[in-house]
Amino acid sequence: MNIPSTLNVTIGLFFIYLLLSLFTSEIQEVLASSVFDWRAQNLYRSIETILGNSVTDLLYQHPLIKSWKDYKQRVNKSSVGPSYIPSSTFALALIGVILEQSGVQPKIDSLTIEDFIKAIDSESIQKIFDQDQIKLFKILAVKASNEAREPTDIEPLEREIKDWFEQSMNRASGVYKRQVKFITLVIGLIAAIGLNADTLNIANRLFQEPVLQENLSQTINIVLAQEPNSQLQNCLKPQPDSPESCQNLTDDFLYSYLFDFSSLPLGWGTSNVNRQFNLDHYLGKNLSSNLWILIQPSDLIKAIIGWGLTAIAISMGSSFWFDLLNKLINVRNTGAKS
């Protein structure tokens, strides 16, 4: 086995996985944010689980959160609210809701943790929270009170509610991540079939076509040698709200290498399909209308397996393939120097 050639094929395959993962992420982001609003719905359901329906509605009407909700609904009228709420904003909004609903409304500069405890004990709050929630908030308030430097120091209370919210969201995010993983797998399979990204065919063509292998290798070297490399790596990390610069960077990356690099062993072009389904011996014959009849069942099964492998690879995420690709490039370069 030619180890340098095998390494080059692996690097080329992983680079294609990176491109396809980015492409799938773009599709998923559009679906999650603009079409189905999955992230916002998951956040709303998660908060509803820890606070209850009525308190969640009140929280989403608080000015600190309502402005985000109104903005999101201007972009997507069917949205339930923001896709992400900072824990500090949640803490302040929840304290405000509890104080307003209880009728305890001290001046901002004189608000104390004792006021919060009085609000929790009020009859109005007893009606909208269950007893376990009330006990929880009392425990958080007492703990914060012990940490406070002076009566009007409510920062410890904010911090306790922030920590509780973050822990609750971490548990809820586990369920969401499993859902996203399944959705990514489905989108990845559709993308693999739509772009005819057959792992077995890609690997086979890279092994059998040194020119294709060399062209792809040179492209990868150019990509990873570029200055924005570290910036792209940061953009590939999961973030609640990616900055616009990241969106532009990943878009440019995709359009430069997935859609314009025509020598990739992808797509439903005649050349790629002929090699994928072993139809080279039919070249030059006018059989395009009966092409699918000529495909052998074994070749079709191989293609289905190849698409499935690509879908699984895509579900690993672009950050995974980017990191792995950099490590393999370092291994290859180290070997070349020695």
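Structural data are supplied above this passage.
The text that follows walks through the structure, step by step, so that each part is easy to find. (Residues numbered from 1 in each chain as written. Predicted model: local features only at pLDDT ≥ 70, side-chain atom pairs only at ≥ 80, totals over all residues. Heavy atoms only, no water.)

**Digging into the packing of helix α3 (residues 53–60) against helix α5 (residues 87–102)**
The contact between α3 and α5 brings their axes to 9 Å, and the two run at 110°. Judged by the inter-axis angle, α3 sits roughly perpendicular to α5. For the pair formed by α3 and α5, the contact residues are V55, L58 and L59 on the first element and F90, A93, L94, V97 and Q101 on the second. Residue composition of the contact of α3 with α5, grouped by class: 7 nonpolar, 1 polar and no charged. (Axes fitted to C-alpha atoms, helices over the stretch in contact; angles between N-to-C directions. Helix = DSSP H or I, 4+ residues; strand = E, 2+ residues; numbered from the N terminus. Parallel < 35°, antiparallel > 145°, perpendicular 65-115°, else oblique. Contact = heavy atoms within 4.5 Å. Nonpolar A, V, L, I, M, F, W, Y, C, P; charged D, E, K, R; others polar.)

**Comments concerning the packing of helix α8 (residues 131–147) against helix α9 (residues 155–194)**
At their nearest, the axes of α8 and α9 sit 8 Å apart, and the two run at 135° to each other. With respect to each other, α8 and α9 are oriented oblique. Where α8 crosses over α9, the handedness of that crossing is right-handed. Of the residues in α9, those touching α8 at L136, F137, L140, A141, K143, A144 and E147 are P156, L157, R159, E160, I161 and W164. (Left-handed = near helix turned anticlockwise from the far one by under 90°.)

**A closer look at α5**
Residues separated by three or four positions in an α-helix point in the same direction, a consequence of the helix having 3.6 residues per turn. Helix length check: α5, at 16 residues, gives a terminal C-alpha distance of 22 Å against a target of 22 Å (1.5 Å per residue), a fit within 8%. Burial within α5 is extensive, with 12 of its 16 residues counted as buried. Along α5, the residues that are buried comprise S87, T89, F90, A91, A93, L94, I95, G96, V97, I98, L99 and S102. Among the residues trailing α5, G103 stands out with phi positive, at a value near 90°. (Expected span 1.5 Å × (residues − 1). Buried < 20%, exposed > 50% of the residue type's maximum accessible area, 1.4 Å probe, protein only.)

**A closer look at the pattern of salt bridges**
For the coordinates displayed, the defined rule picks out 6 salt bridges. Between R159 and E147 there is a salt bridge, with its nearest N and O atoms 3.4 Å apart. In this pair, R159 is assigned in helix α9 and E147 in helix α8, connecting sequence segments 12 residues apart. Taking relative accessible area as the criterion, R159 reaches 37% and is therefore assigned partly exposed. Across the pair E209 and R275 runs a salt bridge whose closest N-O atoms are separated by 3.4 Å. Placement of the pair is E209 in the loop between α10 (199–208) and α11 (210–225) and R275 in helix α14 (residues 270–276), with a sequence separation of 66 residues. Using a relative accessible area of 34% as the deciding quantity, one classes R275 as partly exposed. Connected via shared salt-bridge partners are R205, E209 and R275. (Salt bridge = Lys/Arg side-chain N within 4 Å of Asp/Glu carboxyl O.)

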